[in-house]
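A structural walkthrough
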Amino acid sequence: MSSQKVTVSVIKADVGSYPGHGTVHPQQIEVAKTLLEKARKDGAIVDFFVTHAGDDLEFIMTHRRGENDKRVHQLAWDTFKEITDKVSKPLKLYGAGQDLLAEAFSGNVKGMGPGVAELEFEERRSDPVLVFMADKTEPGAWNLPLFRIFGDPFNTAGLIIDPALHDGFTFEILDVMEDQSIKIKCPDETYDLLALIGTSSRYVISKIYRNDGMPAAAASTSRLSLIAGRYVGKDDPVCIVRAQHGLPAVGEVLEPFAFPHLVAGWMRGSHLGPLMPVSMNDVQNRVTRFDGPPRVVGAGFQVSDAKLIGPADLFGDPAYDRTRQVANEITDYMRRHGPFMPHRLGPEEMEYTTLPEVLEKLKTRFKK
Ligand code: F6R
Ligand code: MG
Ligand code: MG
């Protein structure tokens, strides 16, 4: 436990939703708030904010215990369990407890189903922290925006203009297939970085540091299908980005989301669709069309003596109306492909869905 530093932990899970995989139920949020408030009073955490992205329940927590802390992880796990038992199951919400893959808590929620992004840092005189939460997609969805924020001078003017950013950032990449990681230093190794992270289903950005070591961003990297060995929904990732004063400005962090890039997920976790930035309000923050399209909400805070001041609803702005309109046009265009690639994902990605069962039946009927 490190006393001076603050840790922001975002831990999320889909423990049931309505209708189908649409959104969370208000009672789930209420129970989460009650339990996390109790933990705050007990001193486990300093502050928290409970929200959701589509059907995923999101706990944004601050504390002094560092990353991978057993008490904080256990708190999240137990809270998800209790919400499942007290709300999701009695209301027969859809997919009650679906992301709680492990039988029992074993010290860290990583690899047990819930998604986790954590960042420990020395709080600056003023520390803006932005939390992004996506539904109906996978961790690789952050690769493009995170690269643009921390590696692309056409996005982030500060990389050119501000001497504090000019030396660049180091990206930690996780190979989710082999469970190994690599650090790549930019701008020197920008092309190597892109050679990896363009394969966003396999190479996923997990951490970003300024080249003097300052922690700048963290993203969740779990792939449920690789844990469970079968399709259990997409991983609906979260990420934490610090901003301003020697880091990309809030506006530079938000800029890449003005382009609704294609991400894997959407219906049955089997389709490419545009990532649509939406408001945290109930009208926009739930999936509908073809169980989508995939979407991202953004919550902006100041972390102040480990307290969360905020949130500001980052995409609840007319400045993102046009992005949503473009995303809807892309949705129309992609949907017209029906079951054909590249709208439907390629065979490697479909391996973890129910498609192989269908293909199995045809195997014996092929003739040479
Ligand atoms: C995508 C997702 C949904 C479901 C779909 C079918 O991540 O969760 O699109 O895959 O609604 O769900 P089941 O098989 O539960 O009827
Ligand atoms: Mg669901
Ligand atoms: Mg979800």
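Please refer to the structure placed before this passage.
This write-up is about the structure you can find in this document. (Residues numbered from 1 in each chain as written. Chains lettered and ligands numbered in written order. Predicted model: local features only at pLDDT ≥ 70, side-chain atom pairs only at ≥ 80, totals over all residues. Heavy atoms only, no water.)

**Quick notes on the coordination of the magnesium ion (ligand 2)**
Distances from the magnesium ion (ligand 2) to its protein donors, Asp14 (OD), Ser17 (OG), His21 (ND1) and Asp55 (OD), fall at 2.2 to 2.7 Å. For the magnesium ion (ligand 2), the single-chain donor residues occur in sequence as D-x2-S-x3-H-x33-D. A separation of 5.2 Å is found between the magnesium ion (ligand 2) and the magnesium ion (ligand 3), both of which receive a donor from Asp55. Using a relative accessible area of 1% as the deciding quantity, one classes Ser17 as buried. (Donors = N, O, S within 2.8 Å, 3.2 Å for Na, K, Ca; no water. Buried < 20%, exposed > 50% of the residue type's maximum accessible area, 1.4 Å probe, protein only.)

**Quick notes on helix α2 (residues 70-88)**
Its 19 residues place the ends of α2 25 Å apart at the C-alpha level, agreeing with the 27 Å of an ideal helix rising 1.5 Å per residue. Its buried side turned inward, α2 meets β1 (6-13), α1 (26-41), β3 (56-63) and β4 (115-121). The residue sitting at the N-terminus of α2 and contributing the capping side-chain oxygen is Asp69; that oxygen lies 3.0 Å from the backbone nitrogen of Arg71. (Helix = DSSP H or I, 4+ residues; strand = E, 2+ residues; numbered from the N terminus. Expected span 1.5 Å × (residues − 1). Contact = heavy atoms within 4.5 Å. Polar contact = N/O pair within 3.5 Å; in protein donor to acceptor, adjacent residues only side chain to side chain.)

**Describing the coordination of the magnesium ion (ligand 3)**
Binding of the magnesium ion (ligand 3) to the protein goes through Asp55 (OD), Asp56 (OD), Asp135 (OD) and Asp236 (OD), at separations of 2.0 to 2.1 Å. Here the donor residues of the magnesium ion (ligand 3) are spaced in sequence according to D-D-x78-D-x100-D. On the basis of relative accessibility, which here comes to 2%, the residue Asp55 falls in the buried class.

**A word on the state of the cysteines**
Disulfide: a covalent bond formed between the sulfur atoms of two cysteine residues. One pass over the full model with this rule turns up 0 disulfides. Take Cys186: it sits in no disulfide, and the sulfur closest to it among the cysteines is that of Cys239, at 17 Å. For Cys186, a relative accessible area of 2% gives the class buried. (Disulfide = S-S within 2.5 Å.)

**Points about the pairing of β4**
Among the 7 residues of β4, 7 are classified as buried, and the element is accordingly described as predominantly covered. Side chains of β4 alternate between two faces, with Gly115, Ala117, Leu119 and Phe121 and Val116, Glu118 and Glu120 buried alike. For β1 and β4, the ladder comprises 7 bridges, and the chain directions are antiparallel. Counted as the bridge partner of Ser9 is Glu118 from β4. (Pairing = 2+ DSSP bridges.)

**A look at the pattern of salt bridges**
Scanning the entire structure with this criterion turns up 18 salt bridges. Notably, a salt bridge pairs Glu37 with Arg40, separated by 2.7 Å at the nearest N-O pair. Pair noted here: Glu37 and Arg40 are both in helix α1, with a separation of 3 residues, about one helical turn. Taking the shortest distance from any N to any O, the salt bridge between Arg148 and Asp152 comes out at 3.2 Å. On the basis of relative accessibility, which here comes to 24%, the residue Arg148 falls in the partly exposed class. Assessed through its relative accessible area of 14%, Asp152 is described here as buried. Among the charged side chains, a salt-bridge network with shared partners connects Glu37, Arg40 and Lys41. (Salt bridge = Lys/Arg side-chain N within 4 Å of Asp/Glu carboxyl O.)

**A short note on the environment of Asp212**
Position of Asp212 relative to the elements: it lies in the loop between β8 (203-210) and β9 (215-219). Given a relative accessible area of 54%, Asp212 falls into the exposed group. Considered as a pair, Asp212 and Ala164 are 48 residues apart in the sequence and their alpha carbons are 9.6 Å apart. Within the local environment of Asp212, its side chain forms a polar contact with the side chain of Arg210, the two groups lying 2.7 Å apart.

**So, the nonpolar core**
Phe132, Trp142, Leu146, Phe150, Phe169, Phe171 and Ile208 are the most contacted members of the largest nonpolar core, which has 39 residues in total. Among the secondary structure elements, those contributing two or more residues to this core are β5 (127-135), α3 (143-151), β6 (169-175), α6 (190-197), β8, β9, β10 (238-242) and α8 (250-254). Not counting the four nearest positions on each side in its chain, Phe169 is found in contact with Phe150, Leu159, Ile184, Lys185, Cys186, Ile208, Tyr209, Arg210, Asn211, Ala216, Leu247 and Pro248. By size, the runner-up hydrophobic cluster in this structure holds 28 residues, among which are Leu36, Phe48, Val50 and Val116. (Core = buried A, V, L, I, M, F, W, Y, C linked by side-chain atoms within 4.5 Å.)

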